[in-house]
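# Chain and residue survey
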Amino acid sequence: MHHLAFVNKWPSRFQYTFPSNNIPLLLLSVLLLMLGVLFVFWSNLYFLFKGNGGPADIAGFTISPQTKRLVIDGPYKHSRNPMVFGANAIYLSIALYLNSLGSLFLLLFF
């Protein structure tokens, strides 16, 4: 039990609390998370079924065959790159949930 006494001596500025008391921020982060996951899966499924392929490679490694047809409907009608939009929505939801100004700042450079 002696090691727990050390944790209680941390200054309050180092103690992290989840934003569970801020319900609107929590709801916004959950909605952004759902929107991001929707766009990531929706765009990948459209690539697979409409484009007859997928995202060809990541960092030089082939992960799926290249698309054989240009995809311009579905999520690609709403966004030029819905996979990146979905990933950014997920990152933004995490930053809002964690109530982290630093994470929001880093997201601006992504």
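Preceding block: the structure.
Residues numbered from 1 in each chain as written. Predicted model: local features only at pLDDT ≥ 70, side-chain atom pairs only at ≥ 80, totals over all residues. Heavy atoms only, no water.

## Observations regarding the overall build of the protein
In terms of helices and strands, the protein carries five helices and two strands. Taken from the N to the C terminus, the helices and strands of the protein come in the order α-α-β-β-α-α-α. The buried share of the protein, taken over its 110 residues, is 26%. Across the protein, contacts joining residues at least 24 apart in sequence account for 54% of those joining residues at least 6 apart. Carbon and sulfur atoms make up 69% of the accessible area of the protein, which totals about 8,600 Å². (Helix = DSSP H or I, 4+ residues; strand = E, 2+ residues; numbered from the N terminus. Buried < 20%, exposed > 50% of the residue type's maximum accessible area, 1.4 Å probe, protein only. Contact = heavy atoms within 4.5 Å. Areas by Shrake-Rupley, 256 points an atom, 1.4 Å probe, with all protein chains shown as cover.)

## Quick notes on a nonpolar patch on the surface
A cluster of nonpolar residues, Leu-33, Val-37, Phe-41, Leu-45, Leu-48 and Phe-49, forms a patch on the protein surface that exposes about 590 Å² of accessible area. Relative to the assigned elements, Phe-49 resides in helix α2 (residues 23-49). Residue classification places Phe-49 among the exposed residues on the basis of a relative accessible area of 60%. (Patch = residues over 30% accessible without salt bridge, like charges linked within 9 Å, V, L, I, M, F, W, Y side chains within 5 Å. Salt bridge = Lys/Arg side-chain N within 4 Å of Asp/Glu carboxyl O.)

## Topic: α2
Over its 27 residues, α2 extends 38 Å from the first C-alpha to the last, a length consistent with the 39 Å expected when each residue adds 1.5 Å. By the burial criterion, the buried members of α2 are Leu-25, Ser-29, Leu-32, Gly-36, Phe-39, Ser-43, Tyr-46 and Phe-47. (Expected span 1.5 Å × (residues − 1).)

## Quick look at the environment of Leu-106
Within the secondary structure, Leu-106 sits in helix α5 (residues 101-108). Its relative accessible area of 58% is what places Leu-106 among the exposed residues.

## Notes on the environment of Phe-85
Among the structural elements, Phe-85 can be located in helix α4 (residues 82-98). The exposure class assigned to Phe-85 is partly exposed, which follows from its relative accessible area of 36%. As a C-alpha pair, Phe-85 and Gly-36 span 49 residues in sequence and 7.1 Å in three-dimensional space. Ignoring sequence-local partners within four residues, the contact set of Phe-85 consists of Leu-35, Phe-39 and Ser-79.

## Re the nonpolar core
Listed in full, the five residues of the largest apolar core are Tyr-46, Phe-47, Val-71, Tyr-76 and Met-83. Those residues in contact with Tyr-46 that sit more than four places away from it in its chain are Gly-51, Val-71, Asp-73, Gly-74, Pro-75 and Tyr-76. (Core = buried A, V, L, I, M, F, W, Y, C linked by side-chain atoms within 4.5 Å.)

## Quick word on the packing of aromatic side chains
For the structure shown, the criterion picks out five aromatic pairs. An angle of 70° between the planes, with centres 5.6 Å apart, marks the rings of Phe-39 and Trp-42 as edge-to-face. Separated by three residues within a single helix, Phe-39 and Trp-42 lie in helix α2, roughly one turn from each other. Phe-39 sits in the buried class, given a relative accessible area of 10%. Judged by centre distance (5.2 Å) and plane angle (80°), the ring pair of Phe-105 and Phe-109 falls under edge-to-face. (Phe/Tyr/Trp six-rings, centres within 6.5 Å; stacked < 30°, edge-to-face > 60°.)

## Here's the deal with the side chain of Ser-93
Assignment of secondary structure puts Ser-93 in helix α4. A polar contact is formed between the side chain of Ser-93 and the backbone oxygen of Ile-90, at a distance of 2.6 Å. Other than its neighbours up to four places away in sequence, Ser-93 contacts Ser-29, Leu-32 and Leu-33. (Polar contact = N/O pair within 3.5 Å; in protein donor to acceptor, adjacent residues only side chain to side chain.)

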